[in-house]
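Residues per chain are reported as follows:
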Amino acid sequence: MELKLNELLAGRATRIKNREYFPTAAYVEPFLERVSKLTKDFRINAVTPSQITYTGEGNISTEDITYNRVTIEALLPETLKINNDEHREVIGMVYGLDVRKPVVKFFHAKERCVCTNMAVFNPSLLACQDLESETAIDFKPLDRIIEQTDDTAAQLKKLLEMEFECSEYNINESLGKWIRNCINYSYDNHYGKVKIACSTPIDAYKLLFEKEDSDYYYEGNQQISMYDVYNSFTQILTDSRKKDSFNVFEKTLLISDILGV
């Protein structure tokens, strides 16, 4: 669920399988201290435990709440244009306490402003580490990622220059290839293998060629590029982020492999 910053910082300490974890603020405030020098604009998504308490009025008790999974993204103000689309930088922190091996991740990506679709191509812009109980997070990897040069804009411009042939033959061949690649490809972040669902290319295909109200719909008399195809895929990931954005970076990173670009 989406949260405001003050709601996130109110998250309490918790215990999972006899392991003690700090209040939410202890994990996210060092992140905020670093990125607040760059922006005051944040987007927050969190997952609560399956069991929560309610007030007498039937509302979730914000005085007795903790968050097992947290995604906090710093949205930087400067933008660049690619195909008249505004893109901005996003620096994110994700952590999960209720996963098989508790982990914290830092990432650096671009985001298409009009639809918040993420774009990533470089795995070195992701850093993962163990989230040990009763232990502070090491933020040195975040400092490295913030300072690292990002070539995402060049990659997006490359996709823009790659025409996608909209013949029935090429569409059929491409859709079959994309589905098979989803079956065979995964990204190993050393905490588990992340995959893209086989339904993702089918849903992206529908945005491109079936749903006339889609922003990506091909009219039949226009040229589309792999940039359009890429964004149809990232749109599917964006739509699923409201439920859980825990592996969104890894899934986005996989898209270029799925598309074969």
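Quick notes on the rules
Residues numbered from 1 in each chain as written. Predicted model: local features only at pLDDT ≥ 70, side-chain atom pairs only at ≥ 80, totals over all residues. Heavy atoms only, no water. Helix = DSSP H or I, 4+ residues; strand = E, 2+ residues; numbered from the N terminus. Buried < 20%, exposed > 50% of the residue type's maximum accessible area, 1.4 Å probe, protein only. Contact = heavy atoms within 4.5 Å. Areas by Shrake-Rupley, 256 points an atom, 1.4 Å probe, with all protein chains shown as cover. Lys, Arg positive; Asp, Glu negative; His and termini not counted. Charge placed at Lys NZ, Arg CZ, Asp CG, Glu CD. Salt bridge = Lys/Arg side-chain N within 4 Å of Asp/Glu carboxyl O.

## Some points on the overall build of the protein chain
Then step 1. A tally of regular secondary structure across the protein chain gives eight helices and 13 strands.
Then step 2. Expressed along its principal axes, the backbone C-alpha trace of the protein chain runs to roughly 55 × 40 × 35 Å.
Then step 3. Here the protein chain holds 261 residues, and the buried ones make up 48% of them.
Then step 4. Taking as baseline every contact in the protein chain between residues at least 6 positions apart, the subset at least 24 positions apart corresponds to 65%.
Then step 5. Summed over all atoms, the accessible surface of the protein chain reaches about 13500 Å², with 45% contributed by carbon and sulfur.
Then step 6. Taken together, the 31 basic and 41 acidic charged side chains of the protein chain have centroids lying 5 Å from each other.

## Considerations on the pattern of salt bridges
Then step 1. Here the structure, examined in full by the defined rule, presents ten salt bridges.
Then step 2. Measuring nitrogen to oxygen at the nearest pair gives 2.5 Å for the salt bridge that ties Arg241 to Glu73. Remark: Glu73 occurs in strand β5 (residues 69-82) and Arg241 occurs in the loop between α7 (226-240) and α8 (248-259); sequence separation between them is 168 residues.
Then step 3. A relative accessible area of 3% places Glu73 in the buried class.
Then step 4. Linking Asp150 and Lys110 is a salt bridge whose minimum nitrogen-to-oxygen distance equals 2.8 Å. With a gap of 40 residues between them, Asp150 in the loop between α3 (140-147) and α4 (152-160) and Lys110 in strand β7 (residues 103-112) connect regions that are remote in the sequence. The pair Asp150 / Lys110 is uniform in exposure class, with both members buried.
Then step 5. Here the salt bridges share partners, and the residues they tie into one network are Arg43, Glu73, Arg88, Glu111 and Arg241.

Function-wise, these values are silent; they only describe arrangement.
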